[in-house]
Amino acid sequence: MRQLSITGLHKAFGAHPVLTGVDLDVPAGAFTAILGPSGSGKTTLLRLLAGFEQADAGTITIGDRVVDGPGAAYVPPERRHIGYVPQEGALFPHLTVAANVGFGLHGKERRGRTDELLESVGLAGLGSRYPHQLSGGQQQRVALARALAIKPDLVLLDEPFASLDAHMRASVRADVQHICLSAGTTAILVTHDQDEALSMADRVAVLRDGRIVQYAAPQDLYMRPADPALARFVGDANLIDGLLVGAGGPADGWQAHADTADGPREHSGQVVDTVLGRLIIAPSSRAVGPAGGAVTVLVRPEQLEITERELASAGGRQPGCLPGRVVACEYYGHDAVVRVRPDDAAAGQTVIVRTSGGPQLSPGSAVFVRARGPVVAWDR
Amino acid sequence: MVSPASAAEARPASLAALEVVPARQARRPVGLLTAGSIIAALLAVPLAFLLLESAHAGVGTVADEIFRPLTGMLLWNTVRLTAVVTVLCAVIGTGTAWLVERTDLPGRRFWAVLLIVPLAIPDFVVAFGWFSLSTWVSNFRGAVLIMTLAVYPLVYLPVAASLRAADPGQEEVARSLGVSRLRAFFRITLGQAKGAILGGCLLVTLVLLAEYGAFEMIGYQTFTTEIFTDLGLPTGVPTACGLSLLLVVISLVVLAGEASLGGRGRVSRSGPMAQRVAPPLRLGRGTVPALLGVGLLVLLALGVPVGECIFLIVQGGPPAITNSVSVSMLDAAWHTAAYGVCAAAVDTMLALPVAVLAIRHTGAARHFLERSTYLVLAMPGVVIALALTYFTEQDLRGFGYESTPLLIICYAIMFFPLALVGVKAAIARAPASLDDVARSLGHSRLAAFSRVTLRLAAPGLMAAFCLVFLSVITELTATLVLVPTGVQTLATQFWNYQSSGSNSQAAPFALVMIAVAALPSIVLGRFFNRTARAQG
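Residues numbered from 1 in each chain as written. Chains lettered and ligands numbered in written order. Predicted model: local features only at pLDDT ≥ 70, side-chain atom pairs only at ≥ 80, totals over all residues.

## Focus: the overall build of chain A
Along the backbone of chain A there are 9 helices and 20 strands. The long-range share in chain A, meaning contacts at least 24 apart out of those at least 6 apart in sequence, stands at 69%. (Helix = DSSP H or I, 4+ residues; strand = E, 2+ residues; numbered from the N terminus. Contact = placed C-beta atoms within 7 Å.)

## Focus: the overall build of chain B
Scanning chain B for helices and strands turns up 24 helices and 0 strands. By the burial criterion, 54% of the 536 residues in chain B qualify as buried. (Buried ≥ 20, exposed ≤ 12 C-beta atoms within 10 Å, placed from the backbone.)

## Side note on the sheet that holds strand E8 (residues 187–191) of chain A
Residues and elements named next belong to chain A. Read from one edge to the other, the open sheet built from 6 strands follows the order E6-E7-E8-E3-E9-E10, with strand pairing classed as mixed. Each having just a single partner strand, strand E6 (82–85) and strand E10 (211–216) make up the two edges of the open sheet. Between one strand and the next, the sheet's axes are offset by a mean angle of 20°, whatever the strand orientation. Pairing of strand E3 (residues 31–35) with E8 involves 5 bridges; the strand directions are parallel. Bridged to Phe 31 within E8 is Ala 187. Against the sheet, helix H4 (residues 136–149) contacts E6 and strand E7 (154–158), and its axis sits at roughly 170° relative to E6. (Pairing = 2+ DSSP bridges. Axes fitted to C-alpha atoms, helices over the stretch in contact; angles between N-to-C directions.)

## What about the interface of chain A and chain B?
Accessible area lost upon the coming together of the parts is a frequently used measure of interface size. Each side of the interface is counted separately: chain A has 23 residues, and chain B has 22 residues. Elements supplying a minimum of two residues to the side of chain A that touches chain B: helix H1 (42–50) and E6 of chain A. Top element by residues in the side of chain A that touches chain B is H1(A). It accounts for 4 residues. Of the residues in the side of chain A that touches chain B, the class split is 12 nonpolar, 7 polar and 4 charged. (Nonpolar A, V, L, I, M, F, W, Y, C, P; charged D, E, K, R; others polar.)

## Thoughts on the confidence of the model for chain A
On average, residues of chain A score 84 in pLDDT, and 89% of them are at 70 or above. Confidence over residues 253–267 of chain A falls short of pLDDT 50; this stretch has 30 contacts with residues more than four positions distant or in other chains. (pLDDT = per-residue confidence, 0-100.)

## Looking at the pairing of strand E16 (residues 322–331) of chain A
All names here are of chain A. Across 4 bridges, E16 lies against strand E19 (residues 366–371) in antiparallel orientation. Bridge pairing links Pro 323 to Phe 368 in E19. Across 7 bridges, E16 lies against strand E17 (residues 336–342) in antiparallel orientation. Opposite Ala 328, over in E17, you have Arg 339 as the bridge partner. Linkage of E16 to E17, two consecutive antiparallel strands, is achieved through a turn of 4 residues, within which Gly 333 is found at a positive phi near 90°.

## Points about the environment of Ser135(A)
All names here are of chain A. Secondary-structure assignment places Ser 135 in the loop between helix H3 (107–120) and H4. A count of 12 C-beta atoms within 10 Å places Ser 135 in the exposed class. The sequence separation of Ser 135 and Leu 164 amounts to 29 residues, and the corresponding C-alpha distance is 9.4 Å.

## As for unusual backbone geometry
Phi at Ala90(A) takes a positive value of approximately 50°, unusual for a residue other than glycine. Assessed through the 26 C-beta atoms surrounding it within 10 Å, Ala90(A) is described here as buried. In this structure, Asn139(B) takes a positive phi of about 55° despite not being glycine. Summarising the element assignment, Asn139(B) is placed in helix H8 (residues 139–151).

## What about the sheet that holds E19(A)?
All names here are of chain A. Taken in spatial order, the 5 strands line up as E15-E19-E16-E17-E18 in an open sheet, and their pairing is antiparallel. The strands lining the two open edges of the sheet, one partner per strand, are strand E15 (304–308) and strand E18 (351–355). Ignoring strand direction, the axes of neighbouring strands in this sheet form an average angle of 45°.

## Comments concerning the environment of Gln360(A)
Residue and element names in this part refer to chain A. By secondary structure assignment, the location of Gln 360 is in the loop between E18 and E19. What makes Gln 360 exposed here is the crowd of 10 C-beta atoms within 10 Å. In this structure, the C-alpha to C-alpha distance between Gln 360 and Ile 62, residues 298 residues apart in sequence, is 53 Å.

## Regarding the packing of helix H5 (residues 69–102) of chain B against helix H11 (residues 181–210) of chain B
Axes are the key here: two packed helices are described by the angle between their axes and the distance separating the axes. Residues and elements named next belong to chain B. With their axes 9 Å apart at the nearest point, H5 and H11 run at an angle of 140° to one another. Looking at the two axes, H5 sits oblique to H11. The handedness of the crossing between H5 and H11 is right-handed. Where H5 abuts H11, its residues Thr 78, Leu 81, Thr 82, Val 85, Thr 86, Cys 89, Ala 90, Gly 93, Thr 94 and Trp 98 lie against Thr 189, Ala 193, Ile 197, Gly 200, Cys 201, Val 204, Thr 205, Leu 208 and Leu 209. Of the residues belonging to the contact of H5 with H11, the class tally is 11 nonpolar, 8 polar and no charged. (Parallel < 35°, antiparallel > 145°, perpendicular 65-115°, else oblique. Left-handed = near helix turned anticlockwise from the far one by under 90°.)

## Quick notes on the nonpolar core
Leu156(A), Ile146(B), Cys410(B), Val468(B), Ala510(B) and Met513(B) are the most contacted members of the largest nonpolar core, which has 270 residues in total. Among the elements that make up this core, the one with the highest residue count is helix H19 (residues 404–428) of chain B (19 residues). When near neighbours in sequence (up to four residues on either side) are disregarded, Met513(B) contacts Pro122(B), Val125(B), Ile473(B), Thr474(B), Leu490(B), Ala491(B) and Phe494(B). (Core = buried A, V, L, I, M, F, W, Y, C linked by C-beta atoms within 7 Å.)

## Here we look at the packing of H5(B) against helix H9 (residues 153–165) of chain B
All names here are of chain B. Put simply, H5 and H9 touch, their axes get as near as 8 Å, and they point 40° apart. With respect to H9, the axis of H5 lies oblique. As H5 packs across H9, the resulting crossing turns out to be right-handed. Taken together, the residues of H9 that come into contact with H5 (itself represented by Cys 89, Ala 90, Gly 93, Thr 94, Thr 96, Ala 97, Trp 98, Val 100, Glu 101 and Arg 102) are Leu 154, Val 155, Tyr 156, Val 159, Ala 160, Leu 163 and Arg 164. The residue inventory of the contact of H5 with H9, partitioned by class, reads 11 nonpolar, 3 polar and 3 charged.

## Quick look at helix H13 (residues 223–231) of chain B
Residue and element names in this part refer to chain B. Taken across its 9 residues, H13 has 7 buried, putting it largely inside the fold. Within the span of H13, buried status applies to Phe 223, Thr 224, Thr 225, Glu 226, Ile 227, Phe 228 and Asp 230. Buried residues belonging to H13 abut H5, H11, helix H12 (213–218), helix H14 (237–260), helix H18 (381–395) and helix H22 (477–482).

## What about the confidence of the model for chain B?
All names here are of chain B. For chain B, the average pLDDT comes to 81, and 87% of its residues sit at 70 or higher. Long-range and interchain partners of residues 1–26, a stretch whose pLDDT sits below 50, account for 82 contacts in this model, where long-range means more than four residues apart. In this model residues 263–274 is a low-confidence stretch, pLDDT under 50, and it forms 26 contacts with partners more than four residues away in sequence or in other chains. Reported confidences for the modelled complex are a pTM of 0.75 and an ipTM of 0.75.

## Let's talk about the environment of Val340(A)
Residue and element names in this part refer to chain A. Tracing the backbone shows Val 340 in strand E17. Overall, the presence of 25 C-beta atoms within 10 Å leaves Val 340 in the buried class. Separated by 18 residues in the primary sequence, Val 340 and Leu 322 place their C-alpha atoms 9.7 Å from one another. Other than its neighbours up to four places away in sequence, Val 340 contacts Gly 324, Arg 325, Val 326, Val 327, Thr 350, Val 351, Val 353, Val 367 and Val 369.

Given below as structure tokens:
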């Protein structure tokens, strides 16, 4: 069942177009993220959904009710029944926590439901406090409880975690996700943080230049982005040149690591030649050209494996191994990101490798880099 | 009485971050724009009638009145006084603000209150106190002394607020970059307060251009005193119009000058809202001179006028007291308070739609409305009163002249810019996103505004109210022109006694005026104190 349906949504401020034809369907009960860089129009989209702005063209349907569209009366925010959690919570500073939560409720309902809601967000007993007496995470949970109080058809979260400390963000994210799930609410999260979108949402819609460029499950978005720019936007990416070989050729990386490959097993049968050897192209790729066609290939840093050259087998260079030297190593504890410059200048720019554990590599070390798993490729 | 510039700063940085999309609304705010246009039209009435009246008198006649030797003398008197007093006020106001806010001057909180109390003393009472003490205080030197003591708080107040709000870390950074303490003060501290200083100086200049009572008392001739005199003459209309036009042009030049000097400067603070309090600078051996200086200032500005009033009452003996503390004083106090409350209520309500447009909406209409209020700043009270007088005399055949509503309208026009400053600061404290949340929770636009924005803005609205109330109570010039026949306010009754030489009978009225005005000025001081803190 669809809970929210957006078709052909346009919005301009003066001569400046912000949204240029947004289409989006969100199923009931889903947690959807709208991911976009700043200036992509995501806040405008959210404000259109909430009714703070009126669309220039297009239709917004919530449940079975058209709230904005041609011919239909524009429904003002107070009659949309949408929960709105703005940045930094925006709690009413002159009201207690309980009064904040009960702001959208009336009379008898207010008393009973406020306690229940506070308990559901883990803040039972804090009803008499004022917002400034709460931590950032607590404020965020009060804002969510306030939005859920009216039993909304849809909850809109506008970058709600941006102002929180890094160590607090993860736990508040998990709390919010849990609260929305257990309330059975359809939620839409707007964010510019791809980690947040990928880790929290069932599906992620990427907004760029006023349009949705891809709407997919997080794994699909990460492994099969619609274009190279998107690949970069949702995570670190090595974008390398390749030449299509045609179906059936033997693949170096794939063959060597078939057992440990973390990508899907099926493949399109197409193979591409790159500086990282011969790689298999994932079936959903947009590269459909004939053999010999030039393509751009996406290899994620965690699809690359790094070995020190001294420790490599005595047989010397294996097929598909790119020799290079470490330029820099960023150590994160749980993993490390190593930048390797190929020895052969013709092999292109530095590649990024993500390693988990293993020895610490110092700059200057001679290494081999090898790819695993199917890759995505686009015609150039 | 704060500068428009410092009010613009009064928006908490943390709240500004809430608005990613700069305040835009679903549809054009038709209702607000309509209300705003009506208000702008009302504010434009005085200037329009001044121009009409001048045209009526004939361009040639008015030009003749302007181009004569007297004008040159008035211009010289006005310009030299304005220049000297503005510079003195800038130095004294900034210096005392810095001492109170940034150093370990003993008794800082005590001085902070005493330094703003002169705001509650009308300029003509300061003049009265000094002039009855010694006639040495007359002409140019007297005008400089009296006006400096009377109006320096107009610089002190915004500069103190801005120093309190500014990030002390910037000075430390400057010191760490090898800049000496003195240079850091000039380059950083004064830089931070520049907007506030300029804003304060602007107000000082405008007050000087509009002042009547104090100059009349000590016999110093300026445009305003001359306009006032001409107003009483049967053939004075063209002269009054010509001089008024010239005065408006001078005020506009001053406003433009302030704007071009970067008077719109803001205090910027990056980062989260946790305000670090700078360790106060240790005065060391400078403590005693600083204390003496501040003490002397308070003595001259506050002690002399109040002390002289008390002395006059004591000297006059029981008859003076029984004479004044009578029905006439109660009556005058009642009328003064009633006018003050009415004008303050009208202005606070009129300022609301304009402030909401200015803070929450963008667009050309909004700029036009805001600018149009500046026109009023350039109109001294006597000019507004004069325009309204001609309006009722010529166009309404005297209907409404010297009526209570006309006086209230005159006050409302005169003090609208002051109310707007306060109301804008108040609305800025309530981010628009809170209204959005309230609407998403099922409240209509109006309900959301009254339950959220108005509640949050209440202290600021109260401050705006006090600002207008205070100004009405101490207003003399326009009141003398427009006060209804048979009615006396504290200011006009004081003026009558004083003009007839009954100083001991005038003094009690001056004291009551100070007492009535002191309360709102303390409320104001507290409000700006808190605004500055919330901003940090």
